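What follows is the residue order along each chain.
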Amino acid sequence: MPKGRRDVLLRVANVNPASVSTHTDRVLYSAIGIFIVLYFVYATLGGAAFIDAGSNYEHPWYRWLVGPLVAAGVVAYDRAVVGRVAISYDNLDSTDPKHLLKKPTIWLYVGRLGLALLFAVLITEPLMLARYQGEIDARLNEVHNQQLSRIDRDGVVGAWTARLGQLDRETAGDDAAVRGLNDTAAQKREDARRLYQQAVDDSAGDGVTRAAGCPSGGSCDQLVKRSRALDDEATALDVRAGRLLDTQRAAREARADEKADLTRQINEQREANEKAVEADAGFGARTAAMWHLVTSDFWGVGVFYLGITLLLVALDCAAVGLKFASRGNGYERNEARLARRREHEATLIHEREIQDARTYGAAMARVVADGIETASHDEDVLHDSAERASAVLRTSVVVPPEIRELTAHPGRHHRSVHAELLHGHRARHHRPTPAETE
């Protein structure tokens, strides 16, 4: 592979090409760079597929914005893990290779594994939904039928259906009452026809009396009368049935109108329920159906689901796994040596600066002390000189008694001796007040 392309892969793997000194390390980190590039492409497509599945496969345009953002975030985490070298800054003056690196931070890799599992599941789900679309549709149809049956049984449709049944029973009761009268009338007519036939047979000499004719008061005449009476009773029953039907007509019409309204409402509600249930076929419902297939048929669907998930996890963790397996290689040792050397130099420079600051502070303290001592000595010399000048002046100048009295006073004066000498004449006649002598 050309050096420029190899350096690009090393940069993608977030390593310093200057510290990769062996062929083994170049191959290792080049492979990590290739895995990171492949993972970026796969995560972009997977994120876009997840957004597409979440929108019920409406192919929104923003899926190509979310996919690269998710992929960039995971790739950034991978590059941080791969490019990180756990350098130990203890015992910086030691040359023992054991002191170069710290123990690996296990939670860093555990967090990456958890992220890989989460992302693998999110990417596996759209793939499985597309792979088992037919089975998922069949499961959704079964679930929807169960939902519709439950809604018809427990919802308003069930109440309306129960009311229809009650109306049907009331109509059936009315019909039974009318039908009972009609059936009784029909039975009486049948009995009348039978009796009339017996009378005809009896009049022909084939009856019980074996006598032809139908004399008044005879058996034939009795049969005819009974037949006519039954016909009259049947007619009366038909009239009663008609009157009963007339009295039921208003109630029947009201029930018919109510049944028509209920039937219309039931049909409308069922259509609305069907639309609502069929609309519940998005990502969540399809995921639930997919999970049902996985749990109910693990060896047919679950194994395939688990296999894809593990494959994607392996692809996710390939770069970080190579990094973890190659801990302590030449690259990490070179980086650790450079970092420890810089830290050691910075520590020595810092110690030197602190020592220089302390030395400078001590020198400044001595200079200040010497200056204070010199100033104190100069003040003593000035005081001695003033005393000697005063003594010479006293011995060489004739001082009036008033001045001597003033200079001999032990207290402090509001005027100096020099001022008194300059104002000699006024000083002779001036007597200090008690406040001035204090």
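Residues numbered from 1 in each chain as written. Predicted model: local features only at pLDDT ≥ 70, side-chain atom pairs only at ≥ 80, totals over all residues. Heavy atoms only, no water.

### What to know about the UniProt feature "transmembrane region" (unreviewed entry) in the protein chain
Mapped onto this numbering, the UniProt entry gives "transmembrane region" (unreviewed entry) at residues 27-50, 62-86, 106-123 and 298-322. Overall, residues 62-86 shows 84% helix and 0% strand. The separation of its end C-alpha atoms is 39 Å. In the segment residues 298-322, helix accounts for 100% and strand for 0%; the C-alpha atoms at its two ends are 32 Å apart. (UniProt positions renumbered as here; feature names shortened; annotations may be inferred. Helix = DSSP H or I, 4+ residues; strand = E, 2+ residues; numbered from the N terminus.)

### As for the packing of helix α2 (residues 23-54) against helix α9 (residues 298-325)
Two numbers describe a pair of packed helices, the interaxial angle and the distance between the axes. In the contact formed by α2 and α9, the axes pass within 9 Å of each other and the chain directions differ by 150 degrees. The angle between α2 and α9 places the two elements in the roughly antiparallel class. The hand of the α2/α9 crossing is left-handed. Between α2 and α9, the contacting residues are Leu28, Ala31, Ile32, Phe35, Ile36, Tyr39 and Tyr42 on the first element and Leu312, Leu315, Asp316, Ala318, Ala319, Leu322 and Lys323 on the second. (Axes fitted to C-alpha atoms, helices over the stretch in contact; angles between N-to-C directions. Parallel < 35°, antiparallel > 145°, perpendicular 65-115°, else oblique. Left-handed = near helix turned anticlockwise from the far one by under 90°. Contact = heavy atoms within 4.5 Å.)

### A few points about the nonpolar core
Of all hydrophobic cores here, the largest spans 43 residues; its most connected members are Tyr29, Ile32, Tyr39, Met128, Ile136, Met290 and Val301. Of all the elements in the fold, those that place two or more residues in this core are α2, α3 (63-83), α4 (106-131), α5 (133-154), α8 (283-296), α9 and α10 (330-396). Each residue touching isoleucine 136, except ones within four places of it in the same chain, is listed here: Met128, Leu129, Arg286, Ala289, Met290 and Leu293. The next biggest cluster of nonpolar side chains, apart from the first, holds seven residues, and it includes Leu195, Ala199, Leu223 and Val224. (Core = buried A, V, L, I, M, F, W, Y, C linked by side-chain atoms within 4.5 Å. Buried < 20%, exposed > 50% of the residue type's maximum accessible area, 1.4 Å probe, protein only.)

### Brief notes about the packing of aromatic side chains
Under the definition given, this model contains two aromatic pairs. With a centroid separation of 6.0 Å and an interplanar angle of 85 degrees, the aromatic rings of tryptophan 61 and tyrosine 62 are classed as edge-to-face. (Phe/Tyr/Trp six-rings, centres within 6.5 Å; stacked < 30°, edge-to-face > 60°.)

### Details of the pattern of salt bridges
Opposite charge on two side chains permits pairing when their charged atoms draw close. One pass over the structure, following the stated rule, counts 13 salt bridges. For lysine 259, the salt bridge goes to aspartate 168, with nearest N and O atoms at 2.5 Å. Here the residue lysine 259 occupies a position in helix α7 (residues 219-279), and aspartate 168 occupies one in helix α6 (residues 156-203), the gap between them amounting to 91 residues. Judged by relative accessible area, which is 27%, lysine 259 ranks as partly exposed. Where arginine 352 meets aspartate 356, a salt bridge forms, and the shortest distance between an N and an O atom there is 3.4 Å. Highlighted residues: arginine 352 and aspartate 356, both in helix α10, separated by four residues, approximately one helical turn. Taking relative accessible area as the criterion, arginine 352 reaches 49% and is therefore assigned partly exposed. Look at aspartate 356 and you get partly exposed, because its relative accessible area is 36%. The structure contains a network of salt bridges with shared partners spanning Glu170, Asp174 and Arg255. (Salt bridge = Lys/Arg side-chain N within 4 Å of Asp/Glu carboxyl O.)

### Description of the packing of α2 against α3
Interhelical geometry of α2 versus α3 gives an angle of 150 degrees and a closest axis separation of 7 Å. The orientation of α2 with respect to α3, classified from their angle, is roughly antiparallel. For the pair α2 and α3, the crossing hand works out as right-handed. On α3, the residues that touch Tyr29, Ile32, Ile36, Tyr39, Phe40, Ala43, Thr44, Leu45, Gly47, Ala48, Ile51 and Asp52 of α2 are Arg63, Trp64, Val66, Gly67, Pro68, Ala71, Ala72, Val74, Val75, Asp78, Arg79 and Val82. Broken down by class, the residue content of the contact of α2 with α3 amounts to 17 nonpolar, three polar and four charged. (Nonpolar A, V, L, I, M, F, W, Y, C, P; charged D, E, K, R; others polar.)

### So, α3
The terminal C-alpha atoms of α3 lie 30 Å apart, and with 21 residues this matches the ideal 30 Å at 1.5 Å per residue to within 8%. Inspection of α3 places Arg63, Gly67, Ala71, Val74, Val75, Asp78, Val81 and Val82 among the buried residues, and these make up the whole buried set. Buried residues of α3 fall within an arc of 110 degrees about the axis and therefore sit on the same side. (Expected span 1.5 Å × (residues − 1). Arc of directions from axis to C-beta.)

### Looking at unusual backbone geometry
Phi is positive for asparagine 14, which is not a glycine, with a value near 65 degrees. Along the chain, asparagine 14 falls in the loop between α1 (3-12) and α2. Overall, the relative accessible area of 32% leaves asparagine 14 in the partly exposed class.

### Quick notes on the side chain of threonine 44
Its location among the elements puts threonine 44 in helix α2. The exposure class of threonine 44 is buried, given its relative accessible area of 12%. Other than its neighbours up to four places away in sequence, threonine 44 contacts Gly67, Pro68 and Ala71.

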